[in-house]
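# Observations on the three-dimensional arrangement
If you want the building blocks of each chain, they are given just below.
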Amino acid sequence: MAKKIVTDLELKGKTVLVRADFNVPMKDGEITDDNRIVQALPTNKYIIEQGGKVVLFSHLGKVKEESDKAALTLKPVANALTEKLGEEVTFVPETRGETLEQSVKDLNEGDVLLVENTRFEDVDGKKESKNDPELGKYWASLGDVFVNDAFGTAHREHASHV
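First things first, this report covers the structure right here in the doc. Treat the numbers as computed from the prediction; the structure is a model and nothing was measured.

With respect to the element layout, leucine 41 can be found in helix H1 (residues 35–49). Between the C-alpha atoms of leucine 41 and valine 92, which are 51 residues apart in sequence, the distance is 19 Å. What leucine 41 contacts, discounting residues up to four positions off in sequence, is Leu81, Lys84 and Leu85.

For the coordinates displayed, the defined rule picks out 1 aromatic pair. With a centroid separation of 5.4 Å and an interplanar angle of 50 degrees, the aromatic rings of phenylalanine 57 and tryptophan 139 are classed as tilted. A residue pair is termed long-range when its members are at least 10 positions apart, and phenylalanine 57 in strand S4 (residues 53–57) and tryptophan 139 in helix H4 (residues 133–140) qualify at 82 residues. Across this residue pair, the class does not change: phenylalanine 57 and tryptophan 139 are buried.

Roughly 390 Å³ of internal volume is contained in the largest pocket. Lining the largest pocket are 12 residues, with Lys4, Ile5, Val147, Asn148 and Phe151 positioned closest to its centre. Tallying contributions element by element places strand S7 (residues 145–148) first for the lining of the largest pocket, with 3 residues.

Criteria and thresholds
- Residues numbered from 1 in each chain as written.
- Predicted model: local features only at pLDDT ≥ 70, side-chain atom pairs only at ≥ 80, totals over all residues.
- Heavy atoms only, no water.
- Helix = DSSP H or I, 4+ residues; strand = E, 2+ residues; numbered from the N terminus.
- Contact = heavy atoms within 4.5 Å.
- Phe/Tyr/Trp six-rings, centres within 6.5 Å; stacked < 30°, edge-to-face > 60°.
- Buried < 20%, exposed > 50% of the residue type's maximum accessible area, 1.4 Å probe, protein only.
- 1 Å grid on protein atoms, 1.4 Å probe; cavity = no way out; pocket = protein on both sides within 12 Å on 5 of 7 lines; lining within 4 Å.
- Points joined across faces, edges and corners; volume = space filled by probe spheres on them.

Rendered as structure tokens:
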């Protein structure tokens, strides 16, 4: 079976899980090079135009302990996406739980949501990086369609990819 691309899919009303690569360089909480964000815009704009509900996943840096989380939040990426897309991007500062689930359920067609750094799951047992099957199933349960738009990280067998 041939792999499909996003333009092959019926997206209207669907919750589209997008694995993006927002592993952007940061200094003092500010993005210093937004190229990876810019490169993700066409896919996300297409999904929005087709009436999909976009749920974005990405990692940022290496999260080894709880203290790494403050410097490696994806909140600045959500702000940059809001500016570049010209519409509000909902940021959920967690990787699982009731708040995330309800935020996904509350999405309307054309809305965009960014989930917190997937590597926050690595603090307690490297669940993202070691491809924890339960974590992967959980994230998959949040949507109808999966689009891998993070080709620079596609070689990794992480829960957000596999």
